[in-house]
Amino acid sequence: MSEINIAVITGANSGVGFGTAQRLLQHSEDNPTERIKLVLACRNPTRAANARSALLKEHPKSEIDIVILDVSLVKSVFACCAELKKKYRKIDWLFCNAGILSCDYVDYGIACKELIINPRRLLTATKCVVQPKGRVTGEGLGETFACNIFGHYVMIHELEDLLAASKEARIIWTGSSTAAKNYYDAQDYQCLTGEFPYESSKYITDLIAVALNSRMNSRKIYTFVTHPGVVATNIVRDHLNWFMAKVMHTALYMARFLGVNEETVTSWNGSFSNYYVATTKPIESLKRTVKYGSYIKPWGVTYVHEDPMDYYDEKEANDLLNKLDELLAEFQMKYQN
Ligand SMILES: NC(=O)c1ccc[n+]([C@@H]2O[C@H](COP(=O)([O-])OP(=O)(O)OC[C@H]3O[C@@H](n4cnc5c(N)ncnc54)[C@H](OP(=O)(O)O)[C@@H]3O)[C@@H](O)[C@H]2O)c1
């Protein structure tokens, strides 16, 4: 019997993470020589158990474990990685997927303005979700930075030997098409004073995902960045009331019908790029300096597009990695000595 492959997915209990889990289990079922065991890395035990039950209902013979992880807290990341190291000999895929888009309030004035001036923007990269400024975690890190970036960075560091034990490990970050250089300030990389911590974190995601390759490829660990298009998940739904959530959902379908190819809408469609990057062979056929995006035709056929990352700046990326290493060293001193 072939060796089983281990896939760890952060934030696997809903949205794009759940869609990725579904796709990997389907792949495992369709390809008995490429069996996959899933590890759902989630912060809430009940939501994780519900997701596991739902996945087992679809794929009763599958193997699915749960580990508890609050990726925004370094202490929890260390504990989770210690558990993973105890349980598994190797990791073949690490999906750095969990993420938040914090919201102070939804500015319906901005939404109306966008609707009139630039409706495409309203449905792909709206600014009507007003994010809180300067919110920090219990450990003093910028909240969005901690969850979307740093917790995953610590995980990669802690799990490097397990990843290197795979024949060919892939780290796949869920990025966003909204990432852009103008949201990033190297002096304020945790975005404690900026207005757009989410977009800043997604720009950082792109930098890290590309830059880590030069550090890790020699150990046969490869990192990639994807984006899911626009999916109607809790990340935005949680900030809307029932009625507005329905309006958004309907509007996304209408936009797709009118040719807005980012409107993947469902988690299954949105997770296509994650699945594509996870399973495409040989690995050399994948590029490391593009972002693999999920897109969709008006009639619902999903496809992957290689979005260029012309803004990638190697010096900027390496300077950032050095800062993350310094931060990591501080937390290692605090928790591991
Ligand atoms: N939806 C989109 O249109 C879109 C577009 C571009 C990029 N993305 C990216 O896709 C990724 C997944 O988001 P989604 O859209 O699927 O939203 P979602 O349904 O809200 O999923 C987010 C997942 O992350 C988990 N999570 C949040 N904070 C966490 C923490 N501190 N520790 C551990 N897990 C945590 C959530 O767990 P709980 O259920 O416990 O909250 C949930 O499982 C994110 O990185 C997001 O930025 C989404």
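Refer to the structure printed above.
Just so you know, these numbers come straight off a predicted model, no measurement behind them.

Trainee: With reference to specific residues and values, describe the overall build of the chain.
Mentor: A tally of regular secondary structure across the chain gives 13 helices and ten strands. Its C-alpha atoms give the chain a radius of gyration of 19 Å, within 12% of the compact-globule value 20 Å for 337 residues. Taking the principal axes of the C-alpha coordinates as reference, the chain spans close to 55 × 45 × 40 Å. Each of the 337 residues in the chain was classed as buried or not, and the buried ones make up 55%. Long-range contacts, defined as pairs at least 24 residues apart, comprise 75% of the intrachain contacts of the chain with a sequence gap of at least 6. Carbon and sulfur atoms make up 54% of the accessible area of the chain, which amounts to about 15,100 Å² in all. The positive charge centre, built from 38 side chains, and the negative charge centre, built from 38, are 5 Å apart in the chain.

Trainee: Explain the site of the ligand residue by residue, including any values.
Mentor: As a structural note, the neighbourhood of the ligand is formed by 28 residues, with Val 16, Arg 43, Asn 97, Tyr 198 and Thr 233 the closest of them. Contacts to the ligand include Arg 43, whose side-chain N or O atom sits 2.7 Å from an oxygen atom. Measuring from an oxygen atom of the ligand, one finds a side-chain N or O atom of Thr 233 at 2.6 Å. Burial of the ligand by the protein chains amounts to 93% of its free accessible area of 890 Å².

Trainee: Now, about the packing of aromatic side chains: what can you tell me, with residues and values included?
Mentor: All chains considered together, the criterion is met by eleven aromatic pairs. Aromatic pair Phe 331 and Tyr 335: ring centres 6.2 Å apart, planes at 25°, arrangement stacked. Taken as a pair, Phe 331 and Tyr 335 lie in helix α13 (residues 314-336) at a separation of four residues, close to a single helical turn. Taking the ring centre of Tyr 303 as reference, the NZ or CZ of Lys 297 above it sits at 4.8 Å.

Trainee: Can you break down a nonpolar patch on the surface residue by residue, with the values?
Mentor: On the surface, Leu 115, Ile 116 and Ile 117 cluster together into a nonpolar patch covering about 380 Å² of accessible area. Secondary-structure assignment places Ile 116 in helix α4 (residues 108-117). Residue classification places Ile 116 among the exposed positions, given a relative accessible area of 72%.

Trainee: Which residues make up the pattern of salt bridges, and what are the values?
Mentor: This structure, assessed with the given rule, holds 21 salt bridges. As a salt-bridge pair, Lys 37 and Asp 65 come within 3.7 Å of each other at their nearest N and O atoms. Of this pair, Lys 37 sits in strand β2 (residues 36-42) while Asp 65 is found in strand β3 (residues 63-68), placing the two residues 28 residues apart along the sequence. Taken together, the shared-partner salt bridges in this structure form one network comprising Glu 3, Arg 89, Lys 90 and Asp 92.

Trainee: Can you tell me about the sheet that holds strand β9 (residues 290-296), naming the residues and giving the values?
Mentor: What links the strands of a sheet is backbone hydrogen bonding, and the strands pair in either a parallel or an antiparallel sense. Taken together, the eight strands give an open sheet; going across it, the order is β3-β2-β1-β4-β7-β8-β9-β10, and neighbouring strands pair in mixed fashion. Each edge of the open sheet carries a strand with a single partner, namely β3 and β10 (302-308). Taken pair by pair, the neighbouring strands of this sheet meet at an average axis angle of 25°, ignoring direction. Relative to β9, strand β8 (residues 221-227) runs parallel, the two being bridged by three bridges. Residue pairing across strands places Val 225 opposite Lys 291, the latter belonging to β9.

Trainee: I'd like to hear about the packing of helix α6 (residues 143-158) against α13, residue by residue, with values.
Mentor: Closest axis-to-axis distance for the α6/α13 pair is 11 Å, and the angle between their directions is 75°. Between α6 and α13, the crossing angle belongs to the class labelled roughly perpendicular. Counting all contacts with α6, which are made through Phe 145, Ile 149, Phe 150, Tyr 153, Val 154, His 157 and Glu 158, the residues of α13 involved are Leu 321, Leu 324, Asp 325, Leu 327, Leu 328, Phe 331, Gln 332 and Gln 336. Its residues assigned to classes, the contact of α6 with α13 comprises ten nonpolar, three polar and two charged.

Definitions and cut-offs
- Residues numbered from 1 in each chain as written.
- Predicted model: local features only at pLDDT ≥ 70, side-chain atom pairs only at ≥ 80, totals over all residues.
- Heavy atoms only, no water.
- Helix = DSSP H or I, 4+ residues; strand = E, 2+ residues; numbered from the N terminus.
- Rg over C-alpha atoms; globule rule 2.2 N^0.38 Å.
- Buried < 20%, exposed > 50% of the residue type's maximum accessible area, 1.4 Å probe, protein only.
- Contact = heavy atoms within 4.5 Å.
- Areas by Shrake-Rupley, 256 points an atom, 1.4 Å probe, with all protein chains shown as cover.
- Lys, Arg positive; Asp, Glu negative; His and termini not counted.
- Charge placed at Lys NZ, Arg CZ, Asp CG, Glu CD.
- Near = heavy atom within 4 Å.
- Polar contact = N/O pair within 3.5 Å; in protein donor to acceptor, adjacent residues only side chain to side chain.
- Phe/Tyr/Trp six-rings, centres within 6.5 Å; stacked < 30°, edge-to-face > 60°.
- Lys NZ or Arg CZ within 6 Å of the ring centre and 35° of its normal.
- Patch = residues over 30% accessible without salt bridge, like charges linked within 9 Å, V, L, I, M, F, W, Y side chains within 5 Å.
- Salt bridge = Lys/Arg side-chain N within 4 Å of Asp/Glu carboxyl O.
- Pairing = 2+ DSSP bridges.
- Axes fitted to C-alpha atoms, helices over the stretch in contact; angles between N-to-C directions.
- Parallel < 35°, antiparallel > 145°, perpendicular 65-115°, else oblique.
- Nonpolar A, V, L, I, M, F, W, Y, C, P; charged D, E, K, R; others polar.

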